[in-house]
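Residues per chain, in single letters:
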Amino acid sequence: MVKSLIALKPFVHSPKEKKPKYCSTCGSLATQEAYFDVGDRVTMIEKYCDVCSKKIAYRT
Ligand SMILES: [Zn+2]
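Residues numbered from 1 in each chain as written. Predicted model: local features only at pLDDT ≥ 70, side-chain atom pairs only at ≥ 80, totals over all residues.

Caption draft 1: Representation of the environment of lysine 47. Looking at the element boundaries, lysine 47 is found in strand β3 (residues 43-48). Assessed through the 18 C-beta atoms surrounding it within 10 Å, lysine 47 is described here as partly exposed. Each C-alpha atom of the pair lysine 47 and phenylalanine 11 lies 7.9 Å from the other, and the pair is 36 residues apart in sequence. Not counting the four nearest positions on each side in its chain, lysine 47 is found in contact with Phe11, Lys21, Cys23, Ser24, Ala30, Gln32 and Glu33. (Helix = DSSP H or I, 4+ residues; strand = E, 2+ residues; numbered from the N terminus. Buried ≥ 20, exposed ≤ 12 C-beta atoms within 10 Å, placed from the backbone. Contact = placed C-beta atoms within 7 Å.)

Written out as structure tokens, the structure is:
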């Protein structure tokens, strides 16, 4: 599956959310939200920490 990074936005935890969100790569607390275009007009959102968000941003 080919996915391309559209945008990277700072992710702020909502006080209403009971469970914190974690980085999908390393499991640290998420601080960034990455929007990917995965084709067929589908957008996928994945959460990353600061370190991993920089890695995905430069991978493409
Ligand atoms: Zn991470």
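Caption draft 2: View of the pairing of β3. Relative to β3, strand β2 (residues 32-37) runs antiparallel, the two being bridged by six bridges. Bridge pairing links phenylalanine 36 to methionine 44 in β3. Linking two consecutive strands that pair antiparallel, namely β2 and β3, is a turn of five residues; a positive phi of about 90° is found at glycine 39 within it. (Pairing = 2+ DSSP bridges.)

Caption draft 3: How the structure looks around the environment of threonine 31. Within the element layout of this structure, threonine 31 appears in the loop between β1 (4-10) and β2. On the basis of neighbour counts, which here come to 18 C-beta atoms within 10 Å, the residue threonine 31 falls in the partly exposed class. Residues threonine 31 and valine 42, eleven residues apart in the sequence, show an inter-C-alpha distance of 23 Å. Apart from the residues lying within four places of it in its own chain, the contact partners of threonine 31 are Pro10, Phe11, Cys49 and Asp50.

Caption draft 4: The pairing of β2, seen in detail. Sheet analysis places β1 next to β2, joined by six bridges and oriented antiparallel. By the bridge assignment, alanine 7 is partnered in β2 with tyrosine 35.

Caption draft 5: Region of interest: the sheet that holds β2. Taken in spatial order, the three strands line up as β1-β2-β3 in an open sheet, and their pairing is antiparallel. With partners counted over all chains shown, the strands left at the sheet margins are β1 and β3, one partner each. Across this sheet, the average inter-strand angle for adjacent strands is 25°, counted without regard to direction. (Axes fitted to C-alpha atoms, helices over the stretch in contact; angles between N-to-C directions.)

Caption draft 6: Spatial organisation of unusual backbone geometry. A positive phi is found at aspartate 40, a non-glycine position, where the angle reads about 55°. Relative to the helices and strands, aspartate 40 is located in the loop between β2 and β3. Among the residues examined, aspartate 40 registers 5 C-beta atoms within 10 Å and is labelled exposed. A positive phi angle, near 60°, is found at arginine 41, a position not held by glycine. In this structure, arginine 41 sits in the loop between β2 and β3.

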